[in-house]
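Inside the fold
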There are 4 protein chains.
Amino acid sequence: MKVGIIGATGYTGLELLRLLAQHPVRPEVSVITSRQEEGRALTSVFPSLAGLANYDRLHYEAPAETELAGRADFFFLAAPHGAAMALAPPLLSAGARLIDLSADFRLREAEVFQEWYQPHTAPHLLAQAVYGLPELYAPQISQARLVANPGCYPTSIVLALAPLLQKGLTAPDRPIIADAASGVTGAGRGASLGNSFCEVQDSFKAYKVVGHRHTPEIEQELSRLAGRSLTVAFTPHLAPLNRGILATSYVAPAVKIDPEELRSLYLDFYRPSPFVRVRPLGFEPQTSEVRGTNFCDLSLFYDHRSGLVKIISTIDNLCRGASGQAVANFNLMLGRPETEGLGQGPLRP
Amino acid sequence: MKVGIIGATGYTGLELLRLLAQHPVRPEVSVITSRQEEGRALTSVFPSLAGLANYDRLHYEAPAETELAGRADFFFLAAPHGAAMALAPPLLSAGARLIDLSADFRLREAEVFQEWYQPHTAPHLLAQAVYGLPELYAPQISQARLVANPGCYPTSIVLALAPLLQKGLTAPDRPIIADAASGVTGAGRGASLGNSFCEVQDSFKAYKVVGHRHTPEIEQELSRLAGRSLTVAFTPHLAPLNRGILATSYVAPAVKIDPEELRSLYLDFYRPSPFVRVRPLGFEPQTSEVRGTNFCDLSLFYDHRSGLVKIISTIDNLCRGASGQAVANFNLMLGRPETEGLGQGPLRP
Amino acid sequence: MKVGIIGATGYTGLELLRLLAQHPVRPEVSVITSRQEEGRALTSVFPSLAGLANYDRLHYEAPAETELAGRADFFFLAAPHGAAMALAPPLLSAGARLIDLSADFRLREAEVFQEWYQPHTAPHLLAQAVYGLPELYAPQISQARLVANPGCYPTSIVLALAPLLQKGLTAPDRPIIADAASGVTGAGRGASLGNSFCEVQDSFKAYKVVGHRHTPEIEQELSRLAGRSLTVAFTPHLAPLNRGILATSYVAPAVKIDPEELRSLYLDFYRPSPFVRVRPLGFEPQTSEVRGTNFCDLSLFYDHRSGLVKIISTIDNLCRGASGQAVANFNLMLGRPETEGLGQGPLRP
Amino acid sequence: MKVGIIGATGYTGLELLRLLAQHPVRPEVSVITSRQEEGRALTSVFPSLAGLANYDRLHYEAPAETELAGRADFFFLAAPHGAAMALAPPLLSAGARLIDLSADFRLREAEVFQEWYQPHTAPHLLAQAVYGLPELYAPQISQARLVANPGCYPTSIVLALAPLLQKGLTAPDRPIIADAASGVTGAGRGASLGNSFCEVQDSFKAYKVVGHRHTPEIEQELSRLAGRSLTVAFTPHLAPLNRGILATSYVAPAVKIDPEELRSLYLDFYRPSPFVRVRPLGFEPQTSEVRGTNFCDLSLFYDHRSGLVKIISTIDNLCRGASGQAVANFNLMLGRPETEGLGQGPLRP
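Throughout this document, residue positions are counted from 1 along each chain, in the order its sequence is written. Whichever chain is written first becomes A and whichever ligand is written first becomes 1, with later ones labelled in order. Only residues with pLDDT of at least 70 get local features here, since the model is predicted, and only at 80 or more are side-chain atom pairs given and counted; chain-wide, interface and lining totals rely on the full set of residues. Side-chain measures were taken over the full set of non-hydrogen atoms in the model, leaving aside hydrogen atoms and water.

It is worth spelling out the interface of chain A and chain D at this point. Here, two residues are considered to be in contact whenever any of their heavy atoms come within 4.5 Å of each other. With 19 residues of chain A in contact, the opposing surface of chain D contributes 19 residues. Values labelled buried area give the accessible surface lost by two parts on being combined, using a 1.4 Å probe and summing over both. Carbon and sulfur atoms supply 61% of the area buried between chain A and chain D, which totals about 1600 Å² over both sides. For this classification, Asp, Glu, Lys and Arg are treated as charged, while Ala, Val, Leu, Ile, Met, Phe, Trp, Tyr, Cys and Pro are nonpolar and the rest, including Gly, are polar. Looking at the side of chain A that touches chain D, its residues break down into 9 nonpolar, 7 polar and 3 charged.

This is the structure we're talking about:
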């Protein structure tokens, strides 16, 4: 099994390499690409990887598209938005299977993609792309040749709300509110003043308060679950963490719900899902509880004063919200257990 | 002007001492009390204060109540909840003026206090206590002999919503949602596993998701502003910061509001208020912008998808949310400008 | 293979459980002890471990010593200093093998132990205890029944200096200086004001500037390597990190040393050692490069102005400096490769 | 008193503006320059300054040199190295007084400057430039027209060692070792991968382990104090803090020194110095104790095992190590008390 990583200089690439190094099928990372770091040794860019797998021998390459296809059976596309829709057609034609970690294939409608990002240059692939959230789409993922790995915020928010929406338990005329805080790896690896240490450390901020690009992705999946068109008031915040998302979702229930019933509903819904941990009532969720893992922790609350249900979900945005979820999808596509290579416990503290 | 600080071993006491050291009326801190640190030098407990004012000569004392009254003209009560309602009657009788930083006199109804805290032992003082939020109660504060310094979360949330509610611009049948994150000084100074560095660092958590004690205080003030009884869905979070609160409030407006109009409304409302900064539209608020100061920054957003107004407020929970606000109240009670001794700019970064 | 963990409520216990959960020999953790948490579920104390191994079924116990011996074949003693020297005699007599993570068996001389800690109650075991630093004592460890797992600072400093001292390349009349900074997990799990978030965050401090208890352990091992009695000027610092030690050691060389020669010497010395990474010349070491792993990174510098050699070593104090090293010793004692269960890459960022 | 700030977009510029806003002489900041931000409002670049002094009305300018001179009586040069030596000659000719926060005028020998930085284009000014460390050069500073504000590391290390060296109490044949950790503001404001949050947070690193540019400045001042040429083994580290330097210096004393005598020596030496706090024996120094202030805290230790003296100094690198020290020099140049505008206590926590 030869595996290629396209755009392997970001944090999602680094996290993929960390996870693949201990994967039991021992995938051989055969090619890593970067235009900017072409020729440089992987472990010179990421010294933490020294001594793992075959990584001391890997160098960044910038092969032509035509040459790329033959270099691996399976590609993780970890490049910025826009790159995957150019690369996917030739790679798929050459028989490779793909997991795209960018937004290029997450939205099912090309017009919606265009409204939030840019014109889509491979709209014919949207229908065959599978949204890579295993808890909702495992059967389709296992058959897919192109998986669109979900965004980090959508992963946390869709998992938080799926059981309630699917059961039709929410008031139809009320917006869902999703207030979330993310660690800084969510902004990617790169030099920017806004993400420099002194701007972020010991501070908490809101950003893209209206119109964050994950909004249509969240609404798409919630609407499918509800069977009707939904809007969400989504507010992202930046917390001084490396990793982690905590999302607090507020929902007006269609009927008054007992919290224990609510928890039973969630336990049932997620029984087959090894990575969702429905926590005991009263549990105070914390991002460090899932650090470095593919877990999504869920805590359920009923606020009798306001009549709202509060659902809090935590994930590691870089692992569960990106590369770990990609490895889970990789496992499903290979017909293997979803959990392979993802068995390590949270790095706590 | 002799000033006493009751319970001067916590972070609010330390912050008071920091601010009073450079206050232009040069108040003499004549007594600091602590049962636990009795006899110890102030600068041995708080070495950062060495070399400031008369602090190298101060020692903690634990005087009897009867003796305490004569030691100062003005007292800041920075002790835990329950202590102030015991101390206030004798100190007031002796002619002192008081600012209480605990919750003892914040709630106007003794039964509500009992429901959320404990039975109130000085309910006769509730009517004369003034809620010390200068933007709403400056005239009353200047006449008061007992000021109840607001809680940190209520300060941030009430300032965020006051103009909207007072103008009757919110939909009456919809709960207000206030989702807030605080720095760790909000939990006070003391040894606890939950606030130890390794439990908090690089993590973000929700806590007291339902039933935080600031809820009735928020509802009391919002209801007064609205002229009707309101409920709020309040969710506090803990962020790995020393200082700072950022509160994101979600309100369903009674009518569609243009964001510029909304901003004009806020600018008008807060024109007389030196410590409220209504930020330009689109401004991304951040707690570090107010670090170490008495400022409250407000940012206003209209989310056209959900139809909700989002108002984001940031304060320094220890300064504006406690000791700085106490100094502003002290100024008003002395008939001086609210800003005295509070002129320093944010410590940024 | 049944494994017991004595004192399993601290961070070293948690880290052991994290590492054992993915160990390929699938050791069964059969007993975890704690007097304070007796009867409580493991995952209630450490929710991060939910869903791993058999941990959802484990509860803390406080068995009598006599009963304990039969509960496992192998014990990790993760209790505070003083506990292991009481427990080791009965457990060894019952045939168990032990790795002690406390200081009880690290110092070879009972008098030295008494000088720095307390009187030793099992001095007869000191001779058979093996100092568990695999790079120096692998053959002895593999035969040992009682391994004294090294302290975190000594691990980083002894590995930094071993090749130089063993080759006799240091000036005999000059003290070695070891200036080190540690993350806060080094202080253990527990409520203390000094390690509370607000005291540590955004600050850097020196502590126990003279007389830290790891001093005699460092001097013992360095003296053995040098073949003569050595003193070290050791200064520990506390950095606002969860995990990590970076030690900067200053040595006056006996003769002028070319840095490339120096590096060759280290590469040769550590060729058999899978967890020591001798970094390229000029590499700027950083604790995050080893986070969550058993690696020790070494960087070598020659400062031509002062004529001193500077050697910088980084480890994860909780993994390599405690539980990871214990697992490596466990592997050696079982006759298995040192690296088993320790293959995961650094969690970076 | 009109004051100009050249290069007012960095953190030293921001800190100057913070401090000047509450300076009792009410200096009018009449011009702030930046080529990159020309035309932009100050409070748009630094929103934290909104509402302070005249800052809401200031805009960045990029005036020609000839025009600049008339815009203020006093200039703070907060531009990168190389800019001040071009600007100083015309500004001095026009009668202005200058404090340069860059390295351009710190080294007394043009050749040494060239060796470590670049060729010096105004070497004739080196003789008249005064090294702006008030504890050593207050009389000269008060007469100076050009003050070279010291580097942050040199400030902490020279203050730590001055009394010992001036008294001739150090062994002449032994290098001084200065091991220091700095917060990230020391690297300036700007986008760089190395200083991005995710690279720095929860990590501790050494950098420029050999050959940091502050080395010749430290050696210059220590040599002057000792009356002979000295070398220092200086190792800088980066800690995940916004502000703060802690330097641990190791000195071989010429004779055995009793720690209390040592402390008396320091107390005497620094008696006239309002910003140096010689701490009690045993005090564990911490950067947060001086956060936001011009203090330098000193702690003295004698390590009887190694025979070395350890002196630990802490400063706020941005305040005492740059802009606060510049304000102290400004005060002295105006013939006013050194402490004016610098009276606020440490922001703790």
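Read on, since the account is not over.
All right, on to the state of the cysteines then. Two cysteine sulfurs form a disulfide in these notes if their separation is within 2.5 Å. With the rule as written, the count across this model stands at 0 disulfides over all chains. Between Cys152 of chain B, a free cysteine, and Cys198 of chain C, which holds the nearest cysteine sulfur, the sulfur-to-sulfur gap is 12 Å. Not engaged in a disulfide, the cysteine Cys319 of chain C finds its nearest cysteine sulfur in Cys296 of chain C; these two sulfurs lie 12 Å apart. Among the residues examined, Cys319 of chain C registers a relative accessible area of 1% and is labelled buried. Three labels apply to residues, based on accessible area from a 1.4 Å probe with only protein chains included: buried if under 20% of the type maximum, exposed if over 50%, partly exposed otherwise in between.

Bringing helix α4 (residues 84-93) of chain C into the picture now. Residue and element names in this part refer to chain C. Those residues of α4 not exposed but buried are Ala84, Met85, Leu87, Ala88, Leu91 and Leu92. Buried residues along α4 cover an arc of 155° about the axis, so they all sit on one side. Of the residues one or two after α4, Gly95 is the one with positive phi, at around 100°. Numbering of helices and strands starts at the N terminus; helices are DSSP runs of H or I of at least 4 residues and strands are runs of E of at least 2. The reported arc concerns the directions from the helix axis to the C-beta atoms and nothing else.

What follows covers the interface of chain C and chain D. Residue-level contacts link 51 residues of chain C with 51 residues of chain D. Here chain C meets chain D over a buried area of about 4400 Å², counting both sides, of which 52% is carbon and sulfur. For chain C, the biggest contributors to the area lost against chain D are Asp202, Phe204 and Arg305 of chain C; these three give 16% of the whole. Each salt bridge in this description consists of a side-chain nitrogen of Lys or Arg and a carboxyl oxygen of Asp or Glu lying within 4 Å of one another. There are 8 salt bridges connecting chain C and chain D. For Lys205 of chain C, the salt bridge identified is with Glu284 of chain D, shortest N-O distance 3.4 Å. Here a polar contact is recorded for every N or O atom pair within 3.5 Å, except that within protein the pair must consist of a potential hydrogen donor and a potential acceptor, and residues adjacent in sequence are included only if both atoms are side-chain atoms. Inspection of the region where chain C meets chain D yields 36 residue pairs in polar contact (both at pLDDT 80 or more). Residue assignment for the side of chain C that touches chain D shows that the elements contributing at least two residues are β8 (176-182), α8 (197-200), β9 (205-206), α9 (214-226), β10 (232-238), β11 (245-251), β13 (296-303) and β14 (308-315) of chain C. When residues in the side of chain C that touches chain D are grouped by element, the largest group, 5 residues, is from β10 of chain C. For the side of chain C that touches chain D, a count of residues per class yields 25 nonpolar, 12 polar and 14 charged.

Attention now goes to the relation of the copies chain A and chain D. Relating one copy of the chain to the other requires a rotation about an axis plus a shift along that axis. Copy-to-copy superposition: least squares on the C-alpha atoms, limited to residues that have pLDDT of at least 70 in both copies. Expressed as a screw transformation, the operator carrying chain A onto chain D has a rotation angle of 180° and an axial translation of 0.0 Å, and the superposed copies differ by an RMSD of 0.0 Å. Within this description, the copies of the chain are treated as partners about a two-fold rotation axis. Take the interface residues of chain A: 100% of them recur as interface residues in chain D, which is what a same-surface contact looks like.

Further remarks concern the pattern of salt bridges. Taken as a whole and assessed by the stated rule, the structure comprises 72 salt bridges over all chains. When the shortest N-O distance is used, the salt bridge between Glu219 of chain B and Arg305 of chain A registers 2.5 Å. Of this pair, Glu219 of chain B sits in helix α9 (residues 214-226) while Arg305 of chain A sits in the loop between β13 (296-303) and β14 (308-315), placing the two residues on different chains. Glu219 of chain B sits in the buried class, given a relative accessible area of 7%. Residue Arg336 of chain B pairs with Glu340 of chain B through a salt bridge whose shortest N-O separation is 2.6 Å.

This paragraph deals with the pairing of β14 of chain A. Residue and element names in this part refer to chain A. When you tally the buried positions in β14, you get 8 out of 8 residues, the bulk of the element. Covered by surrounding structure in β14 are Leu308, Lys310, Ile312 and Thr314 together with Val309, Ile311, Ser313 and Ile315, the residues of both alternating faces. Two strands pair under a simple rule: DSSP has to find at least two bridges between them. Summarising the sheet, strand β11 (residues 245-251) and β14 pair through 7 bridges and their orientation is antiparallel. Residue pairing in the sheet places Ser249 in a bridge with Ile311 of β14.

Take the nonpolar core next. One finds Phe76 of chain A, Phe76 of chain B, Phe76 of chain C together with Phe76 of chain D to be the most contacted residues of the largest nonpolar core, which totals 354 residues. The residues contacting Phe76 of chain A, other than those within four sequence positions of it, are Val3, Gly4, Ile5, Ile6, Leu16, Leu20, Ile99, Leu101, Ala326 and Phe330 of chain A. Buried residues of nine kinds, namely Ala, Val, Leu, Ile, Met, Phe, Trp, Tyr and Cys, make up a nonpolar core once their side-chain atoms join them within 4.5 Å.

With that out of the way, let us pick up the relation of the copies chain C and chain D. Once chain C is rotated about the relating axis by 180° and shifted along it by 0.0 Å, it coincides with chain D to within an RMSD of 0.0 Å. Taken together, the interface assignments show that 100% of the residues at the interface of chain C recur at the interface of chain D, consistent with an identical surface on both copies.

Bringing helix α6 (residues 134-143) of chain D into the picture now. All names here are of chain D. What α6 keeps buried is the set Pro134, Glu135, Tyr137 and Ile141. In a view along the axis of α6, the buried residues occupy a sector of 120°, so they form one face of it. Of the exposed residues in α6, the ones pointing more than 90 degrees away from its buried face are Pro139 and Gln143. As for α6, its buried residues are in contact with β6 (130-131), β7 (146-148), α7 (152-166), α9 (215-226), β12 (276-278) and α11 (319-333).

Residues and elements named next belong to chain B. With respect to topology, 7 strands assemble into an open sheet ordered β9-β10-β8-β11-β14-β13-β12, the strand pairing being mixed. Here the strands that pair on one side only, and so sit at the sheet edges, are β9 (205-206) and β12 (276-278). As judged from the 6 bridges shared by strand β8 (residues 176-182) and strand β11 (residues 245-251), these two strands associate in the antiparallel manner. Across the sheet, Ala181 pairs through a bridge with Leu246, a residue of β11. Note on method: axes are straight lines fitted to C-alpha atoms, helices fitted across the in-contact stretch only, with angles between N-to-C directions ranging 0 to 180 degrees. Each of β8 and β10 (232-238) touches α9; the most contacted strand, β10, lies at about 135° to it. Where helix α10 (residues 259-269) meets the sheet, it contacts β12, β13 (296-303) and β14 (308-315), and its direction lies at approximately 155° from that of β13.

Attention now moves to the packing of aromatic side chains. Any pair of Phe, Tyr and Trp rings, taking the six-membered ring for Trp, is counted once the centres come within 6.5 Å. Such a pair is stacked with planes under 30 degrees apart, edge-to-face with planes over 60 apart, and tilted for the rest. In the structure shown here, the tally under the stated rule is 40 aromatic pairs over all chains. With a centroid separation of 4.9 Å and an interplanar angle of 75°, the aromatic rings of Phe269 of chain A and Tyr270 of chain A are classed as edge-to-face. Among the residues examined, Phe269 of chain A registers a relative accessible area of 18% and is labelled buried. Its relative accessible area of 3% is what places Tyr270 of chain A among the buried residues. When the ring of Phe275 of chain D is compared with that of Phe295 of chain D, the centres are 6.2 Å apart and the planes differ by 70°; the resulting orientation is edge-to-face. A residue pair is termed long-range when its members are at least 10 positions apart, and Phe275 of chain D in the loop between α10 (259-269) and β12 and Phe295 of chain D in the loop between β12 and β13 (296-303) qualify at 20 residues. Pair check on accessibility: Phe275 of chain D and Phe295 of chain D agree, each one buried. Following the ring pairs from residue to residue traces out a cluster consisting of Phe74, Phe76 and Phe330 of chain A.

Residue and element names in this part refer to chain A. An automatic or database domain assignment supplies the start and end points of every domain. Partitioning chain A into domains gives domain 1 (2-128) and domain 2 (152-317). Computed from C-alpha coordinates alone, the two centres of domain 1 and domain 2 are separated by 27 Å. Contact with domain 1, which involves 14 residues of that partner, is made by 15 residues of domain 2. Both sides together, the interface formed by domain 1 and domain 2 hides about 1300 Å², and carbon and sulfur atoms give 49% of it. The largest share of the area that domain 1 buries against domain 2 comes from Tyr11, Arg108 and Trp116, three residues that together contribute 46% of it. Summed over the shared surface of domain 1 and domain 2, the number is 3 salt bridges. The set of elements that each furnish at least two residues to the side of domain 1 that touches domain 2 consists of α1 (11-20) and α5 (110-116). Looking at which element gives the most residues to the side of domain 1 that touches domain 2, the answer is α1, with 3 residues. Grouping the amino acids of the side of domain 1 that touches domain 2 by side-chain chemistry returns 7 nonpolar, 3 polar and 4 charged.

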